[in-house]
Amino acid sequence: MNLHEYQGKSVLKSFGVRIQEGIVANTPAEAVEAAKKLQEQTGTGWWVVKAQIHAGGRGKGKIVGTEQRGVALAKSLEDVEQISKNILGNVLVTLQTGEKGKQVNKILVAQDVYYPGASEPKEYYMSVLLNRETGRNTIMYSTEGGMDIEKVAEETPHLIFKEDIDPKVGLMPFQARKIAYNLGCSGDALKEMVKFVNSLYNAYLGCDASMFEINPVLKTSDDLIMAVDSKVTLDGNSLFRHKDYADMRDTSEEDATEVEAGSFGLNYVKLDGNVGCMVNGAGLAMATMDMIKLSGGEPANFLDVGGTANAERVENAFRIILQDPNVKAILINIFGGIVRCDRVAQGVVDAYKNIGEIPVPIIVRLQGTNAVEAKKIIDDSGLKVQSAILLQEAADRVKEVLA
């Protein structure tokens, strides 16, 4: 589950990470009030107005039809109001959103932290994530933080460092100091960076995150270290332990069909192909998608109906798949272990009748418990449903109907 910047920062702050303070707003009037409140609390005279969407590259992105960036500096309350009007309710296009862009429903009004002082502010990059090759959490960091970190990774990868953390002992003090030294910190900034790294890693563990990305991590002109941005992805499987984080979910930022499928208890991910898949079990679903590709088709979705593939669930799955206009055929592949194939077959027939005429060919492969009875139900239904025994046979039939 992805969080907005303002939500991620609130999580970080709860674990002792210093952040750029800000207040979220839904209207230009709220933005002006937020700016006034921040001025009272922090003394800031300028503000940064940031579009809140689940995508990076907001600083370089533009509001459709304008030159307005997704992140802008406001030097007066009038600027705050005007920038907010330009952003709120409009579509922001970044490299990560694609040409379609995303509508901005919230903005974050944040304090200006690039104030003059004894030294120049310095931006770093830092993230915490799982290194699947080593099975260890890894802190990635670079001295070259900011909007061009992707360019840094591509052109100068030697400027990106990695620190793997042994799960038996956790983040060791020497590792936090090593990171601070590699970033060129010294004096008070070094002490602040060590504290920042420790707090950031504790936040990553404490909220069961899949990824924390802070870009930039800022060393201010008076040697404070703080998170100016945050990109946080939480492990959805752990949300039962974090009810307060679960409430942060913004379904308006997610694919509407995937959200609807989730409400039915279906594991659904939309893809770009032309063959709809309905399968019980994630492993079998992956194998089915591979078989479709080998047969010349392209899977239109990943859809795992789970172990209780009853008539209601099958009908909901049909309706979800048929929302995709690119679907030219549907392949149902059920292995009857816990679930009985004849019940699934009856569910397919009942769902077909409830929905009405389904405009695309349906191939059903049921194997396992009561598979023979299931095939008979399908064959005797009188519906435009083709049954198959072997997976290869089902894939060949998909190939035939797409020809």
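Throughout what follows, the structure given in this document is the object of discussion. (Residues numbered from 1 in each chain as written. Predicted model: local features only at pLDDT ≥ 70, side-chain atom pairs only at ≥ 80, totals over all residues. Heavy atoms only, no water.)

### Here we look at helix H13 (residues 391-402)
Next up, step 1: Relative to the 16 Å expected for 12 residues at 1.5 Å per residue, H13 spans 17 Å between its end C-alpha atoms, a close match to the ideal helical length.
Next up, step 2: Considered for burial, the residues of H13 that qualify are Leu 391, Ala 394, Ala 395 and Val 398. One side of H13 carries all its buried residues, which in axial view fall inside an arc of 100°.
Next up, step 3: Where the residues of H13 are buried, they touch strand S16 (275-279), helix H9 (282-294), strand S18 (329-336), strand S19 (362-368) and strand S20 (385-388). (Helix = DSSP H or I, 4+ residues; strand = E, 2+ residues; numbered from the N terminus. Expected span 1.5 Å × (residues − 1). Buried < 20%, exposed > 50% of the residue type's maximum accessible area, 1.4 Å probe, protein only. Arc of directions from axis to C-beta. Contact = heavy atoms within 4.5 Å.)

### A short note on the layout of surface pockets
If you roll a probe as big as a water molecule over the atoms, it shows you where there is empty space left.
Next up, step 1: Considered as a void within the structure, the largest pocket measures approximately 1100 Å³ in volume.
Next up, step 2: Looking at the lining of the largest pocket residue by residue, the classes come out as 20 nonpolar, 15 polar and 11 charged.
Next up, step 3: Within this model, the second largest pocket holds a volume of roughly 480 Å³.
Next up, step 4: Arg 249, Glu 258, Leu 266, Asn 267 and Tyr 268 are, among the 13 residues lining the second largest pocket, the residues nearest its centre.
Next up, step 5: Put simply, the parts of the chain that give the lining of the second largest pocket at least two residues each are helix H8 (256-263) and strand S15 (267-270).
Next up, step 6: Residues that form the lining of the second largest pocket fall into these classes: 6 nonpolar, 3 polar and 4 charged. (1 Å grid on protein atoms, 1.4 Å probe; cavity = no way out; pocket = protein on both sides within 12 Å on 5 of 7 lines; lining within 4 Å. Points joined across faces, edges and corners; volume = space filled by probe spheres on them. Nonpolar A, V, L, I, M, F, W, Y, C, P; charged D, E, K, R; others polar.)

### Focus: the environment of Ala 31
Next up, step 1: Considering the arrangement of structural elements, one finds Ala 31 in helix H2 (residues 28-42).
Next up, step 2: The exposure class of Ala 31 is buried, given its relative accessible area of 0%.
Next up, step 3: Taking C-alpha positions, Ala 31 is 37 Å from Ala 176, a pair spaced 145 residues apart along the chain.
Next up, step 4: Sequence-distant contacts of Ala 31, defined by excluding residues within four places in its chain, comprise Ala 25, Val 80, Ser 84, Ile 107 and Val 109.

### Regarding the packing of helix H5 (residues 173-182) against helix H6 (residues 187-206)
Next up, step 1: In the contact formed by H5 and H6, the axes pass within 9 Å of each other and the chain directions differ by 125°. One element, H5, and the other, H6, form an angle in the oblique class. Crossing handedness for the pair H5 and H6: right-handed. Touching Ala 176, Arg 177, Ile 179, Ala 180 and Tyr 181 of H5 are Leu 190, Met 193, Val 194, Val 197 and Asn 198, all from H6.
Next up, step 2: For the contact of H5 with H6, a count of residues per class yields 8 nonpolar, 1 polar and 1 charged. (Axes fitted to C-alpha atoms, helices over the stretch in contact; angles between N-to-C directions. Parallel < 35°, antiparallel > 145°, perpendicular 65-115°, else oblique. Left-handed = near helix turned anticlockwise from the far one by under 90°.)

### Some remarks on the packing of aromatic side chains
Next up, step 1: The final tally for this structure, using the stated rule, is 3 aromatic pairs.
Next up, step 2: Arranged with centres 5.3 Å apart and planes meeting at 20°, the rings of Tyr 141 and Phe 161 form a pair that is stacked. On the criterion of sequence distance, the pair formed by Tyr 141 in strand S10 (residues 136-142) and Phe 161 in strand S11 (residues 160-165) is long-range, its members being 20 residues apart.
Next up, step 3: Taking the centre distance of 6.4 Å and the plane angle of 70° together, the rings of Tyr 204 and Phe 212 count as edge-to-face.
Next up, step 4: The class for Tyr 204 is buried, based on a relative accessible area of 5%.
Next up, step 5: One aromatic cluster is present, formed by Tyr 201, Tyr 204 and Phe 212 through successive ring pairs. (Phe/Tyr/Trp six-rings, centres within 6.5 Å; stacked < 30°, edge-to-face > 60°.)

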